[in-house]
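Listed here are the chains, written in short residue letters.
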Amino acid sequence: MTELKGLKPADACRWDCAALGEVMLRLDPGEGRIRTARTFQVWEGGGEYNVARGLRKTFGLRSTVVTALPRSETGALVEDLISQGGVGTSHILWREADGVGRNTRVGLNFTERGFGPRGALGCSDRANSSASQMRPDEVDWDALFETEGVRWLHTGGIFAALSADTAETTLAAIRAAKRHGVIVSYDLNYRASLWSSHPDPDAARRVNREIAGLVDVLVGDEYAYASCLGIETPETRVDPCDGRPFDALVGRIAGELPNVQVFAATLRDPISASANRWGGVLWLGGERYATPVTDVAILDRVGGGDGFVSGLAWAFMEGLGPQAAVDYGTAHGAIAMTTPGDNAMTSLAEVKALVGGRGAAAVR
């Protein structure tokens, strides 16, 4: 088997991809530090949304985001940035805001890029955000997935971890998507700081186990699998880019998750904040597909994994098969890490050139 089973044709759907997740404002001090910054550049970003934006801006597909924002100036800014990214805004839930942020607000993410021995640093200020208050009954899932039509739903563990309600919203969306024959991808994207405040101490494992049993494409590194699914992994790794332990992990859990068609992961070894070894691997139909691990110069590491998912999804939706999926995912993720902000500032032609082996020589 070299194709995803059940992928709808493009002409049967309004949207190629819908992403469910929080969209935050990212405040970027550029080459400076958060603690001494006097100016910040503003981007929009979020683990789930970034995939939809990459599919729209790099790959030219039709995407929309399901999220919530306050009726405030900051909410309007996020909407404007989403629109600039070409992602549909018709599925944003709008909250009445009190003007102070007590009842609802936009989540903020302060992120340093890092350099050399100084690693990237993220500092979130997102409690009580509009997206964290989303409930499963607020979205007409049948209208989205059936009346409008969606080929691919992407969501992830960051959104699911925001609150008990967002965990249930994630499950409701996935169940509805599967009823209507939509391919579902889920990035485990484990964040201990989010799950630690959940009222159920076992929620990360319980929720992610249930989600993993439903989806078609599961993305996550060994740490995410161990934390979210209760899978024991080796305590030490000689080489983080050695994909063989991941191969063994997939072999152990594939039988427990029979609905999962694709297991995928990025392979990353941070030599420094400015240089990573980088590659990708996926399993489909019992076969392994991978890219070589190469050295990638890093400007801004945030969004590399999301770029990987969007490239992978595009290749499958184009019917290019699993090797192309891991090739395009890895290439797109690499380019995303060479530009500021969460998302790649690139074209499909650049991604194709990188997949085809073109180096970094100037294009004139």
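Check the entry above for the structure.
Attention here is on the structure that accompanies the text. Note that this is a predicted model, so its numbers are computed, not measured.

**Let's talk about the pattern of salt bridges**
Right, so step 1: The full count for this structure, using the stated rule, is 23 salt bridges.
Right, so step 2: Taking the shortest distance from any N to any O, the salt bridge between arginine 102 and aspartate 98 comes out at 3.6 Å.
Right, so step 3: Its relative accessible area of 63% is what places arginine 102 among the exposed residues.
Right, so step 4: Its relative accessible area of 31% is what places aspartate 98 among the partly exposed residues.
Right, so step 5: Between arginine 288 and aspartate 247 there is a salt bridge, with its nearest N and O atoms 2.7 Å apart. Separated by 41 residues along the polypeptide, arginine 288 in strand E13 (residues 287-290) and aspartate 247 in helix H9 (residues 244-253) bring together distant segments of the chain.
Right, so step 6: The structure contains a network of salt bridges with shared partners spanning Arg26, Asp28, Arg113, Asp300 and Asp342.

**Here's the deal with the pairing of strand E12 (residues 275-284)**
Right, so step 1: Counting buried residues in E12 gives eight out of 10 residues, a clear majority hidden from the surface.
Right, so step 2: Note that strand E11 (residues 262-272) and E12 share 10 bridges and pair antiparallel. What sits directly across from proline 270, in E12, is asparagine 276.
Right, so step 3: Between E11 and E12, which pair antiparallel and follow one another directly, the connecting turn spans two residues.
Right, so step 4: In the sheet, E12 pairs with strand E14 (residues 294-297) via four bridges, with the strands oriented antiparallel. Residue pairing in the sheet places asparagine 276 in a bridge with valine 296 of E14.
Right, so step 5: Of the strand pairs in this sheet, E12 and E13 are connected by four bridges, and their pairing is antiparallel.

Parameters at a glance
Residues numbered from 1 in each chain as written. Predicted model: local features only at pLDDT ≥ 70, side-chain atom pairs only at ≥ 80, totals over all residues. Heavy atoms only, no water. Salt bridge = Lys/Arg side-chain N within 4 Å of Asp/Glu carboxyl O. Buried < 20%, exposed > 50% of the residue type's maximum accessible area, 1.4 Å probe, protein only. Helix = DSSP H or I, 4+ residues; strand = E, 2+ residues; numbered from the N terminus. Pairing = 2+ DSSP bridges.

Geometric values such as these leave the question of function open.
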